[in-house]
Amino acid sequence: MTPSRRILFLTNSEYGQANVILAAIHSLLHIAPDVELHVASFAGLEAPLRQISDHAKNAASAGSPASSVHFHLLSGISYYEATERPENSINDLFDLAPGLVNTSRVILNIPGIMQAWRPDEFVGIYRETEAVVKKVEPDLVVVEPIFTPGLTLCHHAGLNWIVFAPNTIKDFVLPLQPRLAALWKYPMYVADRGSVLNFKVTRESYADTAGTFVPIQGSAQPCHSPYRAI
Amino acid sequence: MPFPVPGYLIPYNIFLNLVAVYMLVTDTRLKKTTQQLRSSIGADVNLITANELGVLKPPPPGLRLLVSNSPEIDYPFDTIPPYIIPCGPIVRASPDVAEVDPALASWLARGPTIYINLGTHLAATPKEAADMARAVCHLLDRADEAGYGGGKTQQLQVLWKLKRKVFKDESQDVNDYSGAWQEMRDVIGRLVDADRVRITNWVTAEPKSVLQSHHVVCSVNHGGASSFHEALW
């Protein structure tokens, strides 16, 4: 029997980061039951994963292989809990009204967003993740962009990996735009979080957009993007 | 800040970029983490954060990024590198609200509903909540005056998921209006009693389940990507 392919997802447990991974797992369980799915994350993600797994088992018809996803617990504290510590002031800064001083303060604390843990904790999570990788021996590792221990590990260990981001495209392409457009054309990163989505959008015909994969309850079907910018 | 950045704000935008440069030069958090990594794991480890995926510089060669968004609804760019693969928007499947919470489903069916959910992490002070409550009252009163919804049987109603910012021995229970929360009661109590407004700190159904009930006419949210895409979906 051909051994299954194995995909390992490395993610924080906050929904804002994990939603896209949960959606992908939901779909993969339905359309690729021959692929073994593994997730390494903090405790908060175990319950939603179990729900998705149970739902897929119930939906699988008799005779088809039962799919499930394997959860590997990382025992460090979660990203959000790390940001709530007094030494990481990022949550308090987000409460402030935007303006020159406050926005500058948020920018100066970007490292707290990118790496929320204490250095020794970070290494601990790195090692735990490394142990999961060694145990699972995945064919592909998928990492979300704020799970910094995972990003660091995959790069250092030379794994076959891909980033799966819930972000906007803008978050990753500004330095590449010609004529230093990042300086004068696009609003600076944290002065503008999410405002690209304030473009007027309208639900129009789906005809001419690239197919967008959106999981629909109970089945996975390709679906055209419902948005057209106006 | 608008896009494209208007002329008079360009100096401000450049200033903020310089603040980011200053941050990179003076930050100690990432440096300390790198030191710890190098002494524990190996001298050649590099800390990879989202900054090294494209936020501040291009990602390592060969790495691809699946991005849950679509060029159609993102900013226009002169160049999108081939290693960026837009594959979105993606919303997570969720069960029907009738399966998860039949009582809520019946209540939603009573009339056009506004769903207020500002995300898992945001907590409101009594003053902030009372201010928002005033806006809700004003809206509902105006809606009733205008006969919105078709009269008594189909009135505008509000489902408000509210997380309180509490200190020490204050209560998270949204039905406890003691102390500073009395102002909230004064403002919106009559609408809560009439069941036109439901304030709760926990909704069993996921936001998308509520939204896909087809009874929500307006989603008030914090603008997070999931909330945005779920509302449009």
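Below is a summary of the structure that appears in this document. (Residues numbered from 1 in each chain as written. Chains lettered and ligands numbered in written order. Predicted model: local features only at pLDDT ≥ 70, side-chain atom pairs only at ≥ 80, totals over all residues. Heavy atoms only, no water.)

Take the environment of Asn201(B) next. Residues and elements named next belong to chain B. Within the secondary structure, Asn201 is located in the loop between β5 (197-200) and α7 (207-211). Since its relative accessible area comes to 33%, Asn201 is described here as partly exposed. Separated by 181 residues in the primary sequence, Asn201 and Ala20 place their C-alpha atoms 37 Å from one another. When residues no more than four places from it in sequence are discounted, the contact partners of Asn201 are Lys161, Leu162, Gln172 and Val174. (Helix = DSSP H or I, 4+ residues; strand = E, 2+ residues; numbered from the N terminus. Buried < 20%, exposed > 50% of the residue type's maximum accessible area, 1.4 Å probe, protein only. Contact = heavy atoms within 4.5 Å.)

All names here are of chain B. Strand order in the open sheet formed by 4 strands is β5-β4-β3-β6, with parallel pairing between adjacent strands. This sheet does not close on itself; its edge strands, each paired only once, are β5 and β6 (216-221). Recorded for the sheet is a direction-independent mean angle of 10° between the axes of neighbouring strands. As judged from the 5 bridges shared by strand β3 (residues 113-117) and strand β4 (residues 157-161), these two strands associate in the parallel manner. Each residue of the ladder has a partner; that of Tyr115, found in β4, is Leu159. Along the sheet, helix α4 (residues 102-109) makes contact with β3, β4 and β5, crossing β4 at roughly 140°. Each of β3, β4, β5 and β6 touches helix α5 (residues 126-145); the most contacted strand, β4, lies at about 165° to it. (Pairing = 2+ DSSP bridges. Axes fitted to C-alpha atoms, helices over the stretch in contact; angles between N-to-C directions.)

All right, on to the sheet that holds strand β4 (residues 140-143) of chain A then. Sheet strands associate in pairs through backbone hydrogen bonding, adopting either a parallel or an antiparallel arrangement. If you trace the 7 strands from one edge of the open sheet to the other, you get β3(A)-β2(A)-β1(A)-β4(A)-β5(A)-β1(B)-β2(B), paired in parallel fashion. The sheet is open, and its two borders are formed by β3 (69-73) of chain A together with β2 (84-86) of chain B, each paired with just one other strand. Neighbouring strand axes in the sheet, compared pairwise and without regard to direction, differ in orientation by 25° on average. For strand β1 (residues 5-10) of chain A and strand β2 (residues 35-41) of chain A, the ladder comprises 6 bridges, and the chain directions are parallel. Counterpart to Phe9(A) in the pairing with β2(A) is Val39(A). Taken strand by strand, helix α1 (residues 15-31) of chain A contacts β1, β2, β3 and β5 (161-165) of chain A, and its axis lies near 160° from that of β1(A).

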